[in-house]
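Fold and geometry: a report
Here is how the chains run, residue by residue.
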Amino acid sequence: MELNNQVEQLLRQALPLDELYVKSEGNHCNVIAISAEFAEMSRLKRQQAINGPLRELIADNTIHALTVKTFTPEQWARERKFIMPS
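Since we're looking at a predicted model, the values are computed, not measured.

Once that is clear, we can look at the overall build of the chain. If you tally the helices and strands in the chain, you get four helices and three strands. The linear arrangement of helices and strands in the chain, starting from the amino end, is α-β-β-α-α-β-α. The C-alpha atoms of the chain give 13 Å as radius of gyration, which agrees with the globular expectation for 86 residues (12 Å, within 12%). Overall size of the chain, expressed as C-alpha extent along the three principal axes, is 35 × 30 × 20 Å. Split into buried and exposed, the 86 residues of the chain put 30% on the buried side. Taking all contacts inside the chain whose residues are at least 6 apart in sequence as the whole, residues at least 24 apart take part in 52%.

With that settled, the discussion passes to unusual backbone geometry. Peptide bonds are, in most cases, trans, and in most cases residues other than glycine have a negative phi. Backbone geometry at Asn61 places phi at a positive 70°, although glycine is not the residue there. Relative to the elements of secondary structure, Asn61 occurs in the loop between helix 3 (55-59) and strand 3 (65-71).

Under the criterion given, the structure shown has two aromatic pairs. With a centroid separation of 5.8 Å and 35° between ring planes, the pair formed by Tyr21 and Trp76 is classed as tilted. With Tyr21 in strand 1 (residues 19-25) and Trp76 in helix 4 (residues 73-83), this pair connects stretches of sequence that are 55 residues apart. Taking 5.2 Å as the distance between ring centres and 45° as the angle between the ring planes, the aromatic pair formed by Phe71 and Trp76 counts as tilted. Exposure class is identical for Phe71 and Trp76. Each is buried. One aromatic cluster is present, formed by Tyr21, Phe71 and Trp76 through successive ring pairs.

Read across the sheet, three strands follow the order 1-2-3 without closing on themselves; strand pairing throughout is mixed. On the outer flanks of this sheet lie strand 1 and strand 3, each paired with one strand and no other. If you compare each strand with its neighbour and ignore which way they point, the axes differ by 10° on average. Contacts between helix 4 and the sheet are confined to strand 1, strand 2 (28-34) and strand 3, with strand 3 contributing the most and set at about 125° to the helix.

On to the nonpolar core, then. Of all hydrophobic cores here, the largest spans 17 residues; its most connected members are Val7, Leu11, Val31 and Ile50. Excluding its chain neighbours within four sequence positions, the residues that come into contact with Val31 are Val7, Leu11, Leu20, Tyr21, Val22, Ile50, Leu66, Thr67, Val68 and Lys69.

Looking now at the side chain of Thr70. Residue position: Thr70 is located in strand 3. Of the residues examined, Thr70 reaches a relative accessible area of 17% and is grouped as buried. Not counting residues within four places of it along the chain, the set of residues in contact with Thr70 comprises Ala33, Phe38, Arg46, Ile50 and Gln75.

Parameters and conventions
Residues numbered from 1 in each chain as written. Predicted model: local features only at pLDDT ≥ 70, side-chain atom pairs only at ≥ 80, totals over all residues. Heavy atoms only, no water. Helix = DSSP H or I, 4+ residues; strand = E, 2+ residues; numbered from the N terminus. Rg over C-alpha atoms; globule rule 2.2 N^0.38 Å. Buried < 20%, exposed > 50% of the residue type's maximum accessible area, 1.4 Å probe, protein only. Contact = heavy atoms within 4.5 Å. Phe/Tyr/Trp six-rings, centres within 6.5 Å; stacked < 30°, edge-to-face > 60°. Pairing = 2+ DSSP bridges. Axes fitted to C-alpha atoms, helices over the stretch in contact; angles between N-to-C directions. Core = buried A, V, L, I, M, F, W, Y, C linked by side-chain atoms within 4.5 Å.

Fair warning: the whole summary comes from geometry, so function is off the table for now.
Structure (C-alpha cells):
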C-alpha cells in the first residue's frame with residue numbers, strides 16, 4: 001500500500017478528523033490534520049495524537065521524518081490560504 005494511503009487510513013481510524021492531507025516523498029511524510037478535537041489539546045497532545053497511530057511506521061523506518069501541522073476547523077479556515085497552494 002502506498003505510504004500516503006497507509007498514513008491516511010491509520011489516522012482516520014484513530015481520530016475524528018474533519019480534513020486530512022498527507023504528502024510523502026520517499027520516507028519523509030507531511031501531515032496536515034484538522035479536527036474539532038484539537039481545540040481541547042495542547043500542541044504536544046496534538047502531536048502525540050498524530051504520532052501514536054503512526055508509531056509502528058516510525059519504528060520500522062517506513063517513516064523516517066514526519067512533519068505534522070494540526071488545526072481546529074476555525075484555525076484552518078484562517079490558515080489554509082497561507083498553507084495550501086491555490
